[in-house]
Amino acid sequence: MKKWMILAAAILVVLGIGFAVKGASDRKPTVQPSETALPEATAEPEQAALTDETQTEVYMLHGQITEITDEYLMLEGTEQGTVQVNLLDDTLYDGAIQQSELAVGQYAEVLYDGKLTRSIPAQAAALAVNIYPLAGTVDEVQEDGRVLVTPTDGGAQVLLSLPDNVTVEAGETATFYTTGVATMSLPAQMNAIGVVK
């Protein structure tokens, strides 16, 4: 009699576990291959619409142009030293100077995909070449090294942060090459990547 009771209890335990597993599997959400699962938190509309092609990381080089050809320009003084910037058919040009106005001595901001060759000089393919010159007269040199400049074209004064090891004096005129980004403050504040006196 005891054997039958133990056997009946074992059967009930096995059946109970089977029903519990079956019930748990019935509650799992399933996604058919033709369906699309949506994440619980959605990104901003612009970010959600990005594809792999538009999510390319962009890097910057800042330096002075020392040579120009139809295929490339040489930038000196970048963090990577001298870099040959290869110009492509789809390279964009932004700022006050377009491709036909590039000149030796100007300072440029070059956007590229982060890939540099190990050659000497290193080479990068330019996604964009941006040159933003601001010609003006230095009105004041502040204690922190920033300078207040009145543009030659009569625009509003700009407060510029200069690159390391660059100094100017009040009354001097120069062309300040900037990143093209200005604060909404008065006076507007900008960063200079190079100065040509």
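Located above this text is the structure these notes cover.
What counts as what
- Residues numbered from 1 in each chain as written.
- Predicted model: local features only at pLDDT ≥ 70, side-chain atom pairs only at ≥ 80, totals over all residues.
- Heavy atoms only, no water.
- 1 Å grid on protein atoms, 1.4 Å probe; cavity = no way out; pocket = protein on both sides within 12 Å on 5 of 7 lines; lining within 4 Å.
- Points joined across faces, edges and corners; volume = space filled by probe spheres on them.
- Helix = DSSP H or I, 4+ residues; strand = E, 2+ residues; numbered from the N terminus.
- Nonpolar A, V, L, I, M, F, W, Y, C, P; charged D, E, K, R; others polar.
- Salt bridge = Lys/Arg side-chain N within 4 Å of Asp/Glu carboxyl O.
- Buried < 20%, exposed > 50% of the residue type's maximum accessible area, 1.4 Å probe, protein only.
- Phe/Tyr/Trp six-rings, centres within 6.5 Å; stacked < 30°, edge-to-face > 60°.
- Contact = heavy atoms within 4.5 Å.

In this section: the layout of surface pockets. Computed from the structure, the largest pocket encloses a volume of approximately 250 Å³. Lining the largest pocket are Met60, Leu61, His62, Gly63, Gln64, Glu76, Gly77, Thr78, Glu79, Gln80, Tyr107 and Ile193. Counting residues per element, the lining of the largest pocket draws most heavily on strand S1 (residues 59–68), which supplies 5 residues. Of the residues belonging to the lining of the largest pocket, the class tally is 4 nonpolar, 6 polar and 2 charged.

Per the stated rule, a full pass over the model turns up 3 salt bridges. Put simply, arginine 146 and aspartate 144 hold a salt bridge, and the shortest N to O gap is 2.9 Å. Of the charged contacts, one joins glutamate 172 and lysine 197 as a salt bridge, the two residues approaching to 3.8 Å between their closest N and O atoms. Taken together, the residues span a long stretch of sequence, with glutamate 172 in the loop between strand S8 (158–161) and strand S9 (173–178) and lysine 197 in the segment after strand S10 (188–196) at a distance of 25 residues. Residue glutamate 172 is classed as partly exposed on the basis of its relative accessible area, which comes to 25%. For lysine 197, a relative accessible area of 59% puts it in the exposed group.

It is worth spelling out the packing of aromatic side chains at this point. Evaluation of the coordinates by the stated rule reveals 2 aromatic pairs. Ring geometry for tyrosine 59 and tyrosine 112: centres 6.0 Å apart, planes at 45°, overall tilted. One end of the pair, tyrosine 59, is in strand S1; the other, tyrosine 112, is in strand S5 (residues 107–112), with 53 residues separating them in the sequence. Residue classification places tyrosine 112 among the buried residues on the basis of a relative accessible area of 4%.

If you trace the backbone, asparagine 191 turns up in strand S10. As for asparagine 191 and serine 161, which are separated by 30 residues in sequence, their C-alpha atoms are 4.8 Å apart. The residues touching asparagine 191, leaving out its near neighbours within four places in the chain, are Ser161, Tyr177, Thr178 and Thr179.

Checked against the element boundaries, asparagine 130 lands in strand S6 (residues 122–141). Overall, asparagine 130 belongs to the buried group, its relative accessible area being 7%. What asparagine 130 contacts, discounting residues up to four positions off in sequence, is Asp94, Ala108, Glu109 and Leu111.

Both trends apply: most residues other than glycine have a negative phi, and most peptide bonds are in trans. Backbone torsion omega between isoleucine 120 and proline 121 reads -5°, so that peptide bond is classified as cis. When you line up the elements, proline 121 lands in the loop between S5 and S6. Look at the link from leucine 186 to proline 187: it is a cis peptide, with omega at -5°. Following the sequence through the fold, proline 187 ends up in the loop between S9 and S10.

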